[in-house]
Amino acid sequence: MKILLYSPDNGVTKNFMPHLWMFLLQSLTPPGHEVVLIDGNAQPMDEAGIAQYVRENKIGLVGIGAMTRMIAKAYRMADAVRAAGVPVVMGGPHVTEMPDEALGRTTGRRHADAVALGEADETWPKIVADAARGQLKETYAPVDEFGQERKPSLQDYPAIPWNSLDLTQFNVVPKAVGPMLKRFRDGWGTFRIIPVESGRGCPYGCEFCTVTGFFGDSIRFRTNKSVVDELLLLKARAKSEGGQIAVFFIDDNFAINPKRTKSLLRDIIAANAQVHWVAQISANLLRDEELVDLIAAAGGKWIFIGMESIDPTNLADVNKGFNKPGEYAAVLQRLADRNVFAITSFMFGMDNDTVGVAERTLQQIRTWPAGLPIFGLITPLPSTPLYARLEAAGRLTRPKHWEEFIPFAMAHTPLKMTIAEAHAEVKYGFAQSYSPEAIAQAVRSFSHKPLAYRINILVSRLCFRGIYFPQMGPMAWVKVFYENGQTICDIVKECFRDWLSGMCKQAPRSATMGTSGD
């Protein structure tokens, strides 16, 4: 068969980091089948487009994976594929929690021929074999001989052939400037953000989170060697292309076992496998000075921290009391001292939030080292304890909010503010953090560091601005560049001065070398 693995766009921003599940299932597909990948974030496609694609390319099976906010688009695309006569298997967190919805048992409209529940590492080869015989079952679940759910071990992790995969759709460098940037220092002809996992599972069980329900509370890890080998493969590919690769460790908490994480980081350093990377780590684990030292030495550049709130009451309410707002500043300074910076995530509309929560949060953020703050609304995802609590209290305003995904829109009534007020808080947070003045201030805060740090924070801020404020087309980017023109010009001038200074230093040296050789 020819198999298409498709991930729908996320509905918020043009995100160029692909989803790992596609590459993992591609590697787990039995021999004799051809697998093609399409990520809707990098390669936009509508229902007519995917139907035409599967017909013209003689696709025999389509696999679609999606999180809750992407599920409405996933269902529409699945419907179009099935109407074209091609079977569809769906999986991912949302389908795992609501398989009857995908199979049409609760709505009367069927979107999938089969569903894969939970982690599909073991079930995917069976799905492919059954589809090839025309005998797809409705439900595939990883269970043992006693019918109990079985989580796959990651010790025998499949090798993803990053060196040979076609990653063209995930290159964020425009084609027009790629050849020129390829000759730039260190080579920037391509730049890709590649997902890598080193482990799965989380024991914390935060009320709003789907991770523990999907991956379980028991942590499973890959071998250090398999992770290091993968990084070396990615590093070699980037060098061969005259480009750059950054890795996003998608573990839900990369340092959940600090002893093991330190071991992995030491092995990365020993193998010279450092690439620039991002990882998600909870603030409480970053108290460890040795861990932060190793993060920096192993190539860590940005750490995503789910701070959620500066209010301890809010954190206790959602079972995240291990976050201590009083420690946030010290944690961020500890990272910044080692040139590692933070993506700090906050949720508004929590039960103890009142009007002004955004400004109160920003007052704290302004005292921290410059990073990338992002803001959202607490959202009751299906089958989470939060959803059950709000449903029991009659507070859900859109019980099936995923049927019509609306970015940055609440699905329940907050306790101490209105829905409209909560929406305004998110908008205010983004507007204040990503205004031209705020971006300029963030860049200036790196004036004591090499130019590369100012370029990093400028580019990162301009890109993260697009999470809330649309900048999907050329004209939107022109507007962004215009609004931030002074800061951009200052950086460009400094780049030119550095380049000119380097050329001037090389000229006398070249002349001296020429004279001595005569």
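As a reminder, the structure under discussion sits directly above these lines.
The structure reproduced in this document is the subject of the present report.

Conventions and cut-offs
- Residues numbered from 1 in each chain as written.
- Predicted model: local features only at pLDDT ≥ 70, side-chain atom pairs only at ≥ 80, totals over all residues.
- Heavy atoms only, no water.
- Helix = DSSP H or I, 4+ residues; strand = E, 2+ residues; numbered from the N terminus.
- Buried < 20%, exposed > 50% of the residue type's maximum accessible area, 1.4 Å probe, protein only.
- Contact = heavy atoms within 4.5 Å.
- Areas by Shrake-Rupley, 256 points an atom, 1.4 Å probe, with all protein chains shown as cover.
- Lys, Arg positive; Asp, Glu negative; His and termini not counted.
- Charge placed at Lys NZ, Arg CZ, Asp CG, Glu CD.
- Pairing = 2+ DSSP bridges.
- Right-handed = clockwise from strand over helix to strand, strands pointing away.
- Core = buried A, V, L, I, M, F, W, Y, C linked by side-chain atoms within 4.5 Å.
- Phe/Tyr/Trp six-rings, centres within 6.5 Å; stacked < 30°, edge-to-face > 60°.
- Lys NZ or Arg CZ within 6 Å of the ring centre and 35° of its normal.
- Salt bridge = Lys/Arg side-chain N within 4 Å of Asp/Glu carboxyl O.
- Axes fitted to C-alpha atoms, helices over the stretch in contact; angles between N-to-C directions.
- Parallel < 35°, antiparallel > 145°, perpendicular 65-115°, else oblique.
- Left-handed = near helix turned anticlockwise from the far one by under 90°.
- Nonpolar A, V, L, I, M, F, W, Y, C, P; charged D, E, K, R; others polar.

**Let's talk about the overall build of the chain**
Turning to step 1, where the next piece is worked out: In terms of helices and strands, the chain carries 20 helices and 14 strands.
Turning to step 2, where the next piece is worked out: Along the first, second and third principal axes, the C-alpha atoms of the chain reach 80 × 60 × 50 Å.
Turning to step 3, where the next piece is worked out: The buried share among the 518 residues of the chain stands at 50%.
Turning to step 4, where the next piece is worked out: The long-range fraction of contacts in the chain, counting pairs at least 24 apart against all pairs at least 6 apart in sequence, stands at 71%.
Turning to step 5, where the next piece is worked out: Of the accessible surface of the chain, which amounts to about 23,600 Å², a share of 57% is contributed by carbon and sulfur atoms.
Turning to step 6, where the next piece is worked out: Charged side chains in the chain number 56 positive and 54 negative. The centres of these two groups are separated by 5 Å.

**Side note on helix α13 (residues 328-336)**
Turning to step 1, where the next piece is worked out: For α13, the complete set of buried residues consists of Y328, V331, L332, R334, L335 and A336.
Turning to step 2, where the next piece is worked out: Where the residues of α13 are buried, they touch α11 (289-297), β12 (300-308), α12 (312-317) and β13 (341-348).

**A look at the pairing of strand β10 (residues 244-249)**
Turning to step 1, where the next piece is worked out: Judged by how many residues are buried, β10 sits mostly within the fold: six of six residues are covered.
Turning to step 2, where the next piece is worked out: Along β10, one buried face is formed by Q244, A246 and F248 and the opposite face, lined by I245, V247 and F249, is buried too.
Turning to step 3, where the next piece is worked out: With four bridges joining them, β10 and strand β11 (residues 276-280) adopt parallel strand pairing. Bridge pairing in β11 links A246 to H276.
Turning to step 4, where the next piece is worked out: Each parallel crossover has a hand, and for β10 linked through helix α10 (residues 258-270) to β11 it is right-handed.

**So, the nonpolar core**
Turning to step 1, where the next piece is worked out: One finds M90, W277 and I305 to be the most contacted residues of the largest nonpolar core, which totals 143 residues.
Turning to step 2, where the next piece is worked out: Among the elements that take part in this core, helix α3 (residues 71-83) stands out by supplying seven residues, more than any other.
Turning to step 3, where the next piece is worked out: Here I305 is in contact with I281, A283, L286, V331, L332, L335, A342, I343, T344 and S345, once residues within four sequence places are set aside.

**Observations concerning the packing of aromatic side chains**
Turning to step 1, where the next piece is worked out: Enumeration over the complete set of coordinates arrives at 22 aromatic pairs.
Turning to step 2, where the next piece is worked out: Ring centres of Y204 and F322 lie 4.1 Å apart, and the angle between their planes is 35°; this geometry places the pair in the tilted category. Here F322 lies in the loop between α12 and α13 and Y204 lies in the loop between β8 (199-200) and α8 (211-215), a separation of 118 residues in the sequence.
Turning to step 3, where the next piece is worked out: Accessibility expressed as a relative area gives 22% for Y204, which makes it partly exposed.
Turning to step 4, where the next piece is worked out: Taken together, a centroid distance of 6.1 Å and an interplanar angle of 85° make the contact between Y328 and W368 edge-to-face. With Y328 in helix α13 and W368 in the loop between α14 (357-365) and β14 (372-377), the pair connects residues that are 40 residues apart, well separated along the chain.
Turning to step 5, where the next piece is worked out: Counting every residue linked through ring pairs, the aromatic cluster contains Y328, F346, F348, W368, F375, F408, F430, Y434, Y468 and F469.
Turning to step 6, where the next piece is worked out: Taking NZ or CZ as reference, R222 lies 3.9 Å from the ring centre of Y157, over its face.
Turning to step 7, where the next piece is worked out: Over the aromatic face of Y434 sits the side chain of R461, whose NZ or CZ is 5.4 Å from the ring centroid.

**Some remarks on the pattern of salt bridges**
Turning to step 1, where the next piece is worked out: Summed over the entire model, instances satisfying the criterion amount to 34 salt bridges.
Turning to step 2, where the next piece is worked out: Of the charged contacts in the structure, one is a salt bridge between E197 and R200, with a shortest N-O distance of 2.8 Å. Residues E197 and R200 agree in their burial class; the two are buried.
Turning to step 3, where the next piece is worked out: Through salt bridges that share partners, E119, D121, E149, K151, E197, R200 and R220 make up one connected network.

**Some points on the sheet that holds β13**
Turning to step 1, where the next piece is worked out: With parallel pairing, six strands are arranged side by side in an open sheet as β7-β10-β11-β12-β13-β14. In this open sheet, the two edge strands, each paired with only one partner strand, are β7 (191-196) and β14. Averaged over all adjacent pairs, the angle separating strand axes in this sheet is 20°, with direction ignored.
Turning to step 2, where the next piece is worked out: Of the strands in this sheet, β7 and β10 are in contact with helix α9 (residues 224-241), which crosses β10 at around 155°.
Turning to step 3, where the next piece is worked out: The strands that α14 touches are β13 and β14; relative to β13, the one it contacts most, it runs at about 165°.

**Remarks on the packing of helix α17 (residues 436-444) against helix α18 (residues 451-464)**
Turning to step 1, where the next piece is worked out: Between α17 and α18, the least distance of the axes is 8 Å, while the angle of their chain directions is 155°. Classified by the angle their axes make, α17 and α18 are roughly antiparallel. When the axes of α17 and α18 are compared, the crossing they make is right-handed. Contacts between α17 and α18 involve A438, I439, A442 and V443 from the first element and R454, I457, L458, R461 and L462 from the second.
Turning to step 2, where the next piece is worked out: In terms of residue class, the contact of α17 with α18 is built from seven nonpolar, no polar and two charged.

**Some remarks on the packing of α14 against helix α16 (residues 419-433)**
Turning to step 1, where the next piece is worked out: Taken N-terminus to C-terminus, the directions of α14 and α16 make an angle of 30°; their axes are 8 Å apart at the nearest point. Considering the relative orientation of α14 and α16, their crossing is right-handed. In contact with V357, A358, E359 and L362 of α14, α16 contributes E425, Y428, G429, Q432 and S433.
Turning to step 2, where the next piece is worked out: Of the residues assigned to the contact of α14 with α16, the class counts are four nonpolar, three polar and two charged.

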